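A look at the structure
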Amino acid sequence: MVRIIGILTGLVFTLAVLISFGVDTYSNLTTEAEETAEHHFHAEPLDVSFPHDGPFGKWDTAQLQRGYVVYKEVCSACHSLKYVAFRDLADLGYTEAEVQALAAEWQVPGIDPRTGETVMRAAEPTDYFPSPYPNDVAAAAANNNAIPPDLSLMTKARHGGAPYVYSLLTGYEDPATYSHDGERLLEAYPDFEVPTGLYFNPYFPNLNLAMAPPLTTTGQVTYEDGTEATIAQMSKDVSAFLSWTAEPTMDDRKQTGWPVLGFVLFATILAYLSKKQIWAAVKPAKRKH
Amino acid sequence: MSFAWARQYEPKNGFTKWVDEKLPLPRLVYNAVGAGYPVPRNLNYMWNFGVLAGFALLLQIVTGVILAMHYAANAEVAFASTEHIMRDVNWGWLMRYAHANGASFFFVVIYLHIFRGLFYSSYKAPREMIWLLGVVIFLLVMATAFMGYVLPWGQMSFWGAKVITGLFGAIPLVGESIQVWLLGGFAPDNAALNRFFSLHFLLPFVTAGVVILHIWALHIPGSSNPTGVEVKSESDTVPFHPYYTAKDGFGLGIFLLAYFAMVFFLPNFLGHADNYIEANPLATPANIVPEWYFWPFYAILRAFTFDFILPAKLWGVLAMFASILLWFFLPWLDKSPVRSGHYRPLFRKFFWFGLIPCILVLGYCGGAHLSPITIALSQIATAYYFLHFLVILPIISSVEKPEPLPYSITDAVLGSDKKPVLGENTTPAV
C-alpha cells in the first residue's frame, strides 16, 4: 500500500516538474533571451595581492597607516566607519599618545556638561568614527539620493573583497572607449548611456556608480613616509586599510590557527597509532568488504 | 537489550557500588558507549559520522551559549552586537566563526551519516525507528540552522527569512494569515527576530533529547554493518570500547583538522558577502540564496515554474517538504531483503549514477544565479529525485537479483569455505 501511494505521489510530482520543464524549454526556444550590457561588459576584480593575504599573511602597518590617511583625507567626506573606534588605531602601530592626537583631529557630536546642549567636541580614543552626515536623509539629499554606505565592513560585504575595492577605485573609464574581451561597448550597445549623476565603472555590478571618481590625481594626499601617492598606491593602501577595518582581529586569527592545527595534527597522529595498536589483534589481512 | 555475550558492568569499589545502587548512570554509559556494547567488527569509516554529528551538536551548543551571552536579539542592534562580538569580546571572533562554520560542518557530517544510511539501507527492519528519529533530528537541525542564520540580521538573514516564511503564504486561503502569525508582523522585524532567537536557543536541546532516543533505539537491535548481515555470534562483534572509541577518536581528529582549517583560515568562505550588510527591507539583494546546505532543497523549490492545476509556488513548497518527508517512508518503500548496496547490483547503479549526481546537480543549481540552464537542470534533477525514491526504489527492490551474501560478519572479515547463503540476514537479531 505504501509503495502504491508512493509510486503515484512520485509520478505526480515528476509530471508537474516535467510540465514546468517542457513549458520553460519551449519558451526559451521560441523567445530570445535579452542580453544586457551589464551582463556582457561587467569586469571581474583585478588580480591584486596584499601583504595580509593567505594563511601566513600579516598586516603591513605602514600600509594601513597610509590607508588611514586616504580614508581621512578623501573617503571620510562621505563615508562613515561606524564600527571602528579611535582606540582601534593602536593596531596600526600607533602609541597611546599618538592615538589620542589622531582622535583629537576629528570632531564628534557631544553634550556640553554645563548646559546640556549638543556641541561638537574633539574625539577621544573611546569614540567611534563619526558619520559625515547627521542622518540618512541628509546623506541621501547630499548625494543624489544614493546614501554612501558605511565602510567598516566593505571588503567583507562585497564579493571579491579588497581586490574589488581596489579595482573599483582605479576602474573609472570613459564608456566611449571602453572595451572588454576585445569587444567595444559602444559597438555592441550603440545606445548605451550613462545616466546623469552616475559614473561609468565596469567593476560595479550595473556599470554605473553614483560615486564620482574619488582618487583623481597623484599627490592628492601626502604620505608621511615619503611614498609617492599615485592613484594606484592610494587605492591599494585604502583597500588594505578597509580590510583591517572589516576584520581587525585577522592577525590574531591566523596566529592562533597554526598552533591549534599543529596540536590537533599531533593528537590525530597519536589517535591513529593507538587505534592501530588496539585493532592489531582482531584485524585480519585485507579482504574485500 | 544486548547480545548475550555483552560484558557486564562490575563496580570495583565501595563508592561505585554505592552509585550503581542509587543511580546506575555509570552502568548506562558502560552499556551505551563502553565495553558493554558489542558492535559488529567490520564497521568502516562511514560509521564514524554518528559520533561526529553528536560532537558537532555539542560544539554548537557550547559556542552558541557563549555567543548568546553577548548577542542582543533586537532588530535595532542585532547587527551591531554581532560586530561587537567580532571586535570587542575576548575571543568573540573565534566563538562566532566556530559557530558559523560549526553549522556547516554539522551538516557535512549529517549528510555523510544519511548517505551511509541510504547506501547500506540502515533504515530497514529492525532499525526503522532509528531512521525515523534520525529524520526528525534532521528536520530539527534544519529549522535551527535557518533561524540561526537570521540572527546576525544581515541582508541574507532578512531576505532569507522573508522568502522562507513567504512559503507559508503559498498555502491556499489561510496562507497569508499563517505567515503574518508566524512572523508576528507583515515582514520580518523585531517580533520575528525575537522568536527566532528564542527557538534557536530551544531547539538544539530538543534535538539533544531526540538524539538520546535515536541512540536508545540503536541499542535495541545494535549497530548495522557494511555487509548488512546481522550479528550471529560473539566472534562477529567487538566491544565498543576500546575498539570504536579509538576509531572514533581518530575520525574526530580528522574532522577537527578540516574544521579548524576553515575556522582559522577561510572563516567566511562558506558564508555570503551580503550578510555583512545590515538588513535593509528596502533593498533586495540581486540573488537571494540560503546557506549551501539548503541548496538542493532550494533548487527543488524553484524548479516548479508552471501553474499545473495548483499554483507553481505551491507545487514548489509541497515538493520541497515532500523531498524530505518521503524519507519517513523509505523503510516501507524499499522492500529488498538485502541491506547493503554492496550486494545489490541494480540498486548500486541507480545510487551512484542516478541519485548522487542528481543531488549534486540540485546543490549546484540551488546556489547558482537563476538562468534558463540552471532551471532546466534542476527540473530534470527534481524529476529524478522523486522518481528515484518513490518509483525506482520500490520497483528495483522487487525485480533485482542480489549478489550472494557472506554467511556471517566473521565470514566476511576472515573468509571461509562455507557457501554464501542468500537471505540469512533476514533472521531477526537475537
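Residue positions within a chain follow its written sequence, with the count starting from 1. All chains are assigned letters beginning with A, and all ligands numbers beginning with 1, in the order in which they are written. For this predicted model, a pLDDT threshold of at least 70 governs which residues receive local features, and a threshold of 80 or more governs which side-chain atom pairs are given and counted, while totals over whole chains, interfaces and linings are taken from all residues. Working from all heavy atoms in the structure, the side-chain values ignore hydrogens and water.

Under an unreviewed UniProt entry, the name given to chain B is Cytochrome b, and the organism recorded is Parapontixanthobacter aurantiacus. UniProt positions are given in the numbering used here, feature names are shortened, and annotations may be inferred rather than shown by experiment. As its UniProt record puts it under Subunit (unreviewed entry), chain B is described as follows: "The main subunits of complex b-c1 are: cytochrome b, cytochrome c1 and the Rieske protein."

Under an unreviewed UniProt entry, the name given to chain A is Cytochrome c1, and the organism recorded is Parapontixanthobacter aurantiacus. A UniProt comment under Subcellular location (unreviewed entry) is attached to chain A, and it reads "Membrane".

1. Overview of the nonpolar core
To form a nonpolar core, buried Ala, Val, Leu, Ile, Met, Phe, Trp, Tyr and Cys residues must be joined to one another through side-chain atoms within 4.5 Å. Accessibility here uses a 1.4 Å probe with only protein chains present; expressed as a share of the type maximum, an area under 20% marks a residue as buried, one over 50% as exposed, and anything in between as partly exposed. Among the nonpolar cores identified, the biggest contains 125 residues, and B:L118, B:F138, B:F304, B:W327, B:Y385, B:F386 and B:F389 are the most heavily contacted of them. Per-element tally for this core: the top contributor is helix α6 (residues 128–150) of chain B, with 14 residues. The domain limits used here are those given by an automatic or database domain assignment. Composition of this core by domain shows at least three residues from each of domain 1 (39–267) and domain 2 (297–335 + 345–401) of chain B. For this analysis, residues touch if any pair of their heavy atoms sits within 4.5 Å. Residue contacts for B:F138: discarding those within four places in its chain leaves B:F107, B:I110, B:Y111, B:I114, B:F297, B:I324 and B:W327. Among the nonpolar cores identified, the runner-up in size contains 53 residues, and A:Y68, A:W106, A:M154 and A:M234 belong to it. For helices the rule is a DSSP run of H or I covering at least 4 residues; for strands it is a run of E covering at least 2, with both sets numbered from the N terminus onward.

2. Overview of the UniProt feature "binding site: heme c" (unreviewed entry) in chain A
Residue and element names in this part refer to chain A. When the UniProt feature table is mapped onto this chain numbering, "binding site: heme c" (unreviewed entry) sits at C75, C78, H79 and M211. In three dimensions, the annotated residues from a span of 137 residues occupy one location, with a maximal C-alpha spread of 10.8 Å. Mapped onto the secondary structure, C75 falls in the loop between α3 (61–73) and α4 (96–104). Its relative accessible area of 16% is what places C75 among the buried residues. With residues near it in sequence (within four places) discarded, C75 still touches V70, L151 and V238. Beyond its immediate stretch of four places on either side in the chain, H79 contacts Y71, P132, P148, P149, L151 and M211.

3. Some details on the UniProt feature "domain: Cytochrome b/b6 C-terminal region profile" (unreviewed entry) in chain B
When the UniProt feature table is mapped to this numbering, "domain: Cytochrome b/b6 C-terminal region profile" (unreviewed entry) covers residues 230–407 of chain B. For residues 230–407 of chain B, helix accounts for 58% and strand for 2%, while the C-alpha atoms at its two ends are 10 Å apart.

4. Observations regarding the domain arrangement of chain B
Where interface size is quoted, it is often the accessible area lost as the parts come together. All names here are of chain B. Along its sequence, chain B is carved into domain 1 (39–267) and domain 2 (297–335 + 345–401). A C-alpha centroid distance of 23 Å is found between domain 1 and domain 2. Each side of the interface is counted separately: domain 1 has 22 residues, and domain 2 has 23 residues. Throughout, the accessible surface (probe 1.4 Å) given up by two parts as they are put together, summed over both, is called the buried area. Carbon and sulfur atoms supply 85% of the area buried between domain 1 and domain 2, which totals about 2000 Å² over both sides. Of all residues in domain 1, L118, F119 and L167 give up the largest surface area on contact with domain 2, accounting jointly for 26% of the area buried on that side. For salt bridges, the criterion is a side-chain nitrogen of Lys or Arg within 4 Å of an Asp or Glu carboxyl oxygen. For the pair domain 1 and domain 2, the interface holds one salt bridge. Residue K124 is joined to D334 by a salt bridge in which the shortest nitrogen-to-oxygen separation is 3.3 Å. Top element by residues in the side of domain 1 that touches domain 2 is α6. It accounts for eight residues. Charged means Asp, Glu, Lys or Arg here, nonpolar means Ala, Val, Leu, Ile, Met, Phe, Trp, Tyr, Cys or Pro, and polar covers whatever is left, Gly included. Grouping the constituent residues of the side of domain 1 that touches domain 2 by class yields 18 nonpolar, two polar and two charged.

5. Concerning helix α5 (residues 92–119) of chain B
Residues and elements named next belong to chain B. Take the number of residues in a helix, subtract one, and multiply by 1.5 Å to get its expected span. End to end, α5 covers 40 Å across 28 residues, agreeing with the expected 40 Å (1.5 Å per residue, within 8%). Counted residue by residue, α5 has 21 buried out of 28 residues, so it is predominantly covered. A positive phi of about 45° marks S121, the residue just after α5.

6. Topic: unusual backbone geometry
Residues and elements named next belong to chain B. Residue P126 is reached from A125 by a cis peptide bond, and omega for that bond is 5°. A cis amide bond, omega 10°, links H241 with the succeeding residue P242. With respect to the secondary-structure elements, P242 resides in helix α10 (residues 240–265). Of note in this structure, I309 is not a glycine but carries a positive phi near 65°. Positionally, I309 belongs in the loop between α11 (295–303) and α12 (312–325). I309 gets classed as exposed once you look at its relative accessible area, which sits at 77%.

7. Here's the deal with a nonpolar patch on the surface
Nonpolar side chains (Val, Leu, Ile, Met, Phe, Trp, Tyr) within 5 Å and like charges within 9 Å form the patches, drawn only from residues with over 30% relative accessible area and no salt bridge. Per-residue accessibility takes into account occlusion by the displayed protein chains alone, with areas from the Shrake-Rupley method and a 1.4 Å probe. Where nonpolar side chains cluster on the molecular surface, the patch consists of A:L265, A:F266, A:I269, A:L270, A:Y272 and A:L273 and spans about 580 Å² of accessible area. Mapped onto the elements of the fold, A:Y272 is located in helix α10 (residues 250–279).

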